[in-house]
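Fold and contact review
Here are the chains, one letter per residue:
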Amino acid sequence: YMDGIQTPASYKVTASSDGIINVVYTKNTRSVAVEYYTKDSAGAAPVLVGTLENQIFPDGAKYGDVVDRNKIHEYIDNADEYDDGVVTDAENVISSSTTTIKVVYTKKAVYTVTYHENAADDMVSNMPENGSYYAGKEVTVGNIPSRPGYSFGGWSTEASNTSATIYQPGDKFTMPAENVDLYAVWSAVQVSYQIQYYFEQPDSSFEVNGDLTEIKQ
């Protein structure tokens, strides 16, 4: 701490009155620059995107405890695509030798959501587009595809639909730190049809036999 300061400075103790003398001690502080860096991958070189000059920090405080990591939002528009930032030498403490503190933000890994037709007849249309997302991003499940003779039941996390999670178009989920495959779920449409039996007549005409008519699905 710096030398104490008496308040009030001019107060004097006298024999005729009591009084209180306050002495205030202020902790030593340092003016430090904080540099903010980003990099596109763990192995990439950091790029300086902004600097906060003349930040006042107390002596003895750890680097990691005094830096405002949220300031990165003031320097880049897509800060949500990066991690929370790592303070270089975070356990070091502020001292007379401290001039600059560095914070490095690494871009989150990107994973893909892939939609599969899950049909052997190659008759599926209106498939949603595949997408790329970083872990933690909210994903909105894609639209309804079309397949003649089948009804769509949703998007499954398994091709066989056994013990799978099934999403409906418009549902949302949080992107995990891995790729996601979604498979269309199809059910054959039940169609009613009629079988009629005709008998040829002596005049070569045909007459339907109503007793033999069948309705099937």
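The structure under discussion appears in the preceding block.
Residues numbered from 1 in each chain as written. Predicted model: local features only at pLDDT ≥ 70, side-chain atom pairs only at ≥ 80, totals over all residues. Heavy atoms only, no water.

1. Observations regarding the sheet that holds strand S5 (residues 86–87)
A sheet is described by the order of its strands in space; here four strands give the open sequence S4-S3-S6-S5, paired in mixed fashion. This sheet does not close on itself; its edge strands, each paired only once, are strand S4 (47–58) and S5. (Pairing = 2+ DSSP bridges. Helix = DSSP H or I, 4+ residues; strand = E, 2+ residues; numbered from the N terminus.)

2. What about the nonpolar core?
In this structure, Val34, Tyr36, Val67, Ile101 and Val103 are the most contacted members of the largest nonpolar core, which totals 17 residues. Of all elements in the fold, only strand S3 (29–39), S4 and strand S6 (100–106) reach the threshold of two or more residues within this core. Not counting chain neighbours up to four residues away, the residues in contact with Val34 comprise Gly50, Thr51, Leu52, Gln55, Phe57, Val67, Ile101 and Val103. Judged by nonpolar contacts, the second largest core, of 15 residues, contains Val124, Tyr167, Leu182 and Trp186. (Core = buried A, V, L, I, M, F, W, Y, C linked by side-chain atoms within 4.5 Å. Buried < 20%, exposed > 50% of the residue type's maximum accessible area, 1.4 Å probe, protein only. Contact = heavy atoms within 4.5 Å.)

3. Focus: the pattern of salt bridges
For the structure shown, the criterion picks out five salt bridges. The residue Asp59 makes a salt bridge to Arg30 at a minimum N-O spacing of 2.7 Å. Here Asp59, found in the loop between S4 and helix H1 (63–66), pairs with Arg30, found in strand S3; they are 29 residues apart in sequence, far enough to count as distant. The closest approach of N and O atoms between Lys71 and Glu74, which form a salt bridge, is 3.2 Å. (Salt bridge = Lys/Arg side-chain N within 4 Å of Asp/Glu carboxyl O.)

4. Points about the pairing of S6
For S6, the buried fraction is high: five of the seven residues fall into the buried class. Where S3 lies against S6, seven bridges are found, and the strand directions are parallel. The partner of Glu35 across the bridge, within S6, is Lys102. Relative to S6, S5 runs antiparallel, the two sharing two bridges. Within S6, the position partnered with Val86 by the bridge is Val104.

Everything listed here is a matter of coordinates, which is why it stays silent on function.
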